[in-house]
Amino acid sequence: MNIEIDKISKVFNHRKILTNISINIKSGEMIALLGPSGSGKTTLLRIIAGLESHSSGYLRLKGQDVGGVSARDRRVGFVFQNYALFRHMTVLDNVSFGIRMLPRHKRPSRYIIDKKAMQLLSIVQLDHLANRYPSQLSGGQKQRVALARALAIEPKILLLDEPFGALDTQVRKELRRWIRNLHQEFKFTGVFVTHDQEEAMEIANRIVIMNHGVIEQIGTPEDIWCVPSTRFVFEFLSEINCVIGMICGTELFIGPYYWNLSYIPKVQGEVELFFRPWEMEIRKEFSIFSPLPVKIINVSFHGYYWQLSVEPLGWHHDLLTIILGVKDSFGIPEFGMYCYLSGRNAKLYS
Ligand SMILES: Nc1ncnc2c1ncn2[C@@H]1O[C@H](COP(=O)(O)OP(=O)(O)OP(=O)(O)O)[C@@H](O)[C@H]1O
């Protein structure tokens, strides 16, 4: 089922929390809402679910305006961070709950309900725990039960609010795989909230980056990573080094050093140059491509890369972080070495 979010805004206590949000989610897509705390991700998810109303704009599910349709009638599955399982019910009863709550004329027999719940439990590989209570399960198992329960009503839309937020890294990784498999098998339209960029990249077809209640960028994981459309997106996705430069025509100056860009950038004058730590080349010798002198002041070994802290000599005040692959031709970096950085690969923001 497709979801059309059309210029939706939300005001809480005279404060605008969401401003003009428009996203067209195609049927069967898996969308991540990614952004810092307070950016409005959960509010948007709750509006889609019908748990919160919007102040203006339209929400259409399969082309139909659902502004006045209750959460119950939207048939949307919801998985929260804190499992929200019923403590007094067995795993099997938790999973079958949604079907048992259907109106009598739509409700199958108890035998069919239990059979279906067992099938779902076997998909999430918990059928052997059907008679246990939630308190007898691990966090990851509880969240798999929550997923099976949400899928039991065969939702066309599944909304997930930080579904793995409370779990440790290893279990989170495992559950990401589960979500991907379940999405492929059940083909629901999925929207999930996360502030974990790696999680968004791994699970989503498209990522919506939100900040202060507005959309900064919508795109595939590759688009967002390779062509961040705003400075915020670039900074949000990974650690970066920021250096002040000056552009005059085709030449880029950093302190007393400069080189020719061989094109005329749109921005001229003072610019901020952003470098990802692994995109800033480091060499032992000066060259016209690597003219920026630095001194290595810290080296830490991380298995397949070294992380260096370098002090710019006369062209920037703060230390910079450089990631150097162990297979790089540079060799072994050492404390106190004098080297040169390249200013290529910079992203420019005025
Ligand atoms: N019921 C409410 N009444 C008033 N303000 C609210 C309400 N719910 C959310 N807010 C405010 O709306 C803003 C966005 O909150 P929201 O929970 O949507 O952000 P989020 O991006 O999901 O954050 P987090 O990652 O921390 O969960 C916050 O400033 C929050 O305080």
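Here the residue numbering is sequential within each chain, running from 1 through the sequence in written order. Two thresholds apply to this predicted model, a pLDDT of at least 70 for residue-level local features and 80 or more for giving and counting side-chain atom pairs, whereas whole-chain, interface and lining totals are computed over all residues. Side-chain numbers come from the whole structure's heavy atoms, not from hydrogens or water.

Turning our attention to unusual backbone geometry. A negative phi angle is the norm for most residues apart from glycine, just as the trans form is the norm for most peptide bonds. Residue Glu154 is not a glycine yet carries a positive backbone phi of 50°. Assessed through its relative accessible area of 52%, Glu154 is described here as exposed. Here the phi dihedral of Lys187 falls at roughly 55°; this positive angle occurs in a residue that is not glycine. Mapped onto the elements of the fold, Lys187 is located in the loop between helix 5 (169–186) and strand 8 (189–194). Exposure classes here rest on a 1.4 Å probe applied to the protein chains alone. A residue is buried below 20% of its type maximum, exposed above 50%, and partly exposed in between. Under the relative-accessibility criterion, Lys187 is labelled exposed at 60%. Only DSSP runs of H or I with at least four residues qualify as helices, and only runs of E with at least two residues qualify as strands; both kinds are numbered from the N terminus onward.

In this section: the domain arrangement of the protein. Per the annotation, domain bounds derive from an automatic or database assignment of domains. Along its sequence, the protein is carved into domain 1 (3–236) and domain 2 (240–348). A separation of 41 Å is found between the C-alpha centroids of domain 1 and domain 2. Between two residues, a contact is recorded if the distance between any of their heavy atoms is within 4.5 Å. With six residues of domain 1 in contact, the opposing surface of domain 2 contributes six residues. Accessible-area loss on putting two parts together, using a 1.4 Å probe and summing over both, is the definition of buried area adopted here. Both sides of the domain 1 and domain 2 interface together cover about 690 Å² of buried area, and 63% of this is carbon and sulfur. On the domain 1 side of the interface with domain 2, the three residues burying the most area are Trp225, Arg231 and Phe234, jointly 79% of the side's total. A side-chain nitrogen of Lys or Arg and a carboxyl oxygen of Asp or Glu constitute a salt bridge if their distance falls within 4 Å. The tally of links from domain 1 across to domain 2 stands at one salt bridge. Across the pair Arg231 and Glu272 runs a salt bridge, and its minimum N-O distance is 2.0 Å.

Here the focus is the pattern of salt bridges. All chains considered together, the criterion is met by 20 salt bridges. Salt bridges sharing common partners tie together Arg172, Arg176, Arg180, Asp196, Glu198, Glu199 and Glu202.

Aromatic ring pairs are defined here through the distance separating the ring centres and the angle between the ring planes. Two rings from Phe, Tyr or Trp (for Trp, the six-membered ring) form a pair when their centres sit within 6.5 Å of each other. Planes less than 30 degrees apart are called stacked, planes more than 60 degrees apart edge-to-face, and all others tilted. Scanning the model with the defined rule gives eight aromatic pairs in all. Each ring, one from Phe234 and one from Phe274, has its centre 5.9 Å from the other, and the planes form 80°; the classification is edge-to-face. Of this pair, Phe234 sits in helix 8 (residues 231–237) while Phe274 is found in strand 14 (residues 269–275), placing the two residues 40 residues apart along the sequence. Just as Phe234 is buried, Phe274 falls in that class too. A centroid spacing of 5.8 Å and a plane angle of 85° characterise the contact between Phe286 and Tyr340, whose relative ring orientation is edge-to-face.

A few words on the environment of Met210. Positionally, Met210 belongs in strand 9 (residues 206–211). By relative accessible area, which is 0% here, Met210 ends up buried. On a C-alpha basis, the gap between Met210 and Ala146 in space is 26 Å, while along the polypeptide they are 64 residues apart.

The next point concerns the site of the ligand. Lining the immediate surroundings of the ligand are 14 residues, of which Ser37, Gly38, Lys41, Thr42 and Thr43 lie closest. Between Lys41 and the ligand, the recorded distance is 2.8 Å, taken from a side-chain N or O atom to an oxygen atom. Only the protein chains shown count as cover for residues, with accessible areas throughout obtained via the Shrake-Rupley method and a probe of 1.4 Å. Its free accessible area being 640 Å², the ligand has 62% of it covered by the protein chains. Sorting elements by how many residues they give to the shell around the ligand places helix 1 (residues 41–49) first, with three residues. Here the shell around the ligand is built from residues that sort into three nonpolar, eight polar and three charged. Distances are taken per atom, and a residue is near a molecule or strand as soon as one of its heavy atoms is within 4 Å of it. Under the rule applied, a polar contact is a pair of N or O atoms within 3.5 Å (in protein, one hydrogen donor and one hydrogen acceptor; residues adjacent in sequence only if both atoms are side-chain atoms). Polar here means any residue other than Ala, Val, Leu, Ile, Met, Phe, Trp, Tyr, Cys and Pro, which are nonpolar, and Asp, Glu, Lys and Arg, which are charged; Gly is therefore polar.

A grouping of Phe301, Tyr304 and Val326 is seen on the molecular surface, where their side chains present a nonpolar patch of about 350 Å² in accessible area. Locating Val326 in the fold gives a position in the loop between strand 18 (320–325) and strand 19 (338–341). Each patch groups residues whose relative accessible area exceeds 30% and which form no salt bridge, using 9 Å between like charges and 5 Å between nonpolar side chains of Val, Leu, Ile, Met, Phe, Trp and Tyr.

Here the focus is the environment of Thr43. Structurally, Thr43 is set in helix 1. Remark: the alpha-carbon pair of Thr43 and Phe286, spanning 243 residues in sequence, is separated by 52 Å. Here Thr43 is in contact with Lys10, Phe12, Ile17 and Leu18, once residues within four sequence places are set aside.

What follows is about helix 3 (residues 110–123). What a helix is expected to span follows from its residue count: subtract one and scale by 1.5 Å. Taking 1.5 Å per residue, 14 residues should reach 20 Å; helix 3 reaches 20 Å between its end C-alpha atoms and fits that length. Those residues of helix 3 not exposed but buried are Ile113, Ala117, Leu120 and Leu121. One side of helix 3 holds all its buried residues, which, seen down the axis, span an arc of 100°. Residues of helix 3 that are buried sit in contact with helix 2 (91–100), helix 4 (139–152) and helix 5. Gln125 lies just past helix 3 and shows a positive phi near 55°. When we speak of the arc, we mean the arc of directions from the helix axis to the C-beta atoms.

To continue, consider the side chain of Lys10. Its location among the elements puts Lys10 in strand 1 (residues 3–12). Sequence-distant contacts of Lys10, defined by excluding residues within four places in its chain, comprise Arg15, Lys16, Ile17, Leu18, Thr43, Ile47, Glu52, Ser53, His54 and Ser55.

Further remarks concern a positive patch on the surface. All tallies of charge rest on Lys and Arg as positive and Asp and Glu as negative; His and the ends of each chain are not included. In plain terms, the charge of a residue is placed at NZ if it is Lys, CZ if Arg, CG if Asp and CD if Glu. Taken together, Lys62, Arg75, Lys106 and Lys156 make up a surface patch of like positive charges. The partly exposed category is assigned to Arg75, whose relative accessible area is 42%.

What follows concerns the nonpolar core. Across soluble globular proteins, nonpolar side chains show a tendency to be buried alongside one another. Counting residues in each nonpolar core, the largest one holds 44 residues, and the members touching the most others are Val95, Leu121, Ile207 and Ile209. Here this core gets seven residues from one element, more than from any other, and that element is helix 4. The residues touching Val95, leaving out its near neighbours within four places in the chain, are Ala117, Leu120, Leu121, Val145, Ala148, Arg149 and Ala152. In these notes, a set of buried Ala, Val, Leu, Ile, Met, Phe, Trp, Tyr and Cys residues joined through side-chain atoms within 4.5 Å is what counts as a nonpolar core. Counting 26 residues, the second-largest nonpolar core is a separate cluster that includes Leu18, Val66, Val76 and Val191.

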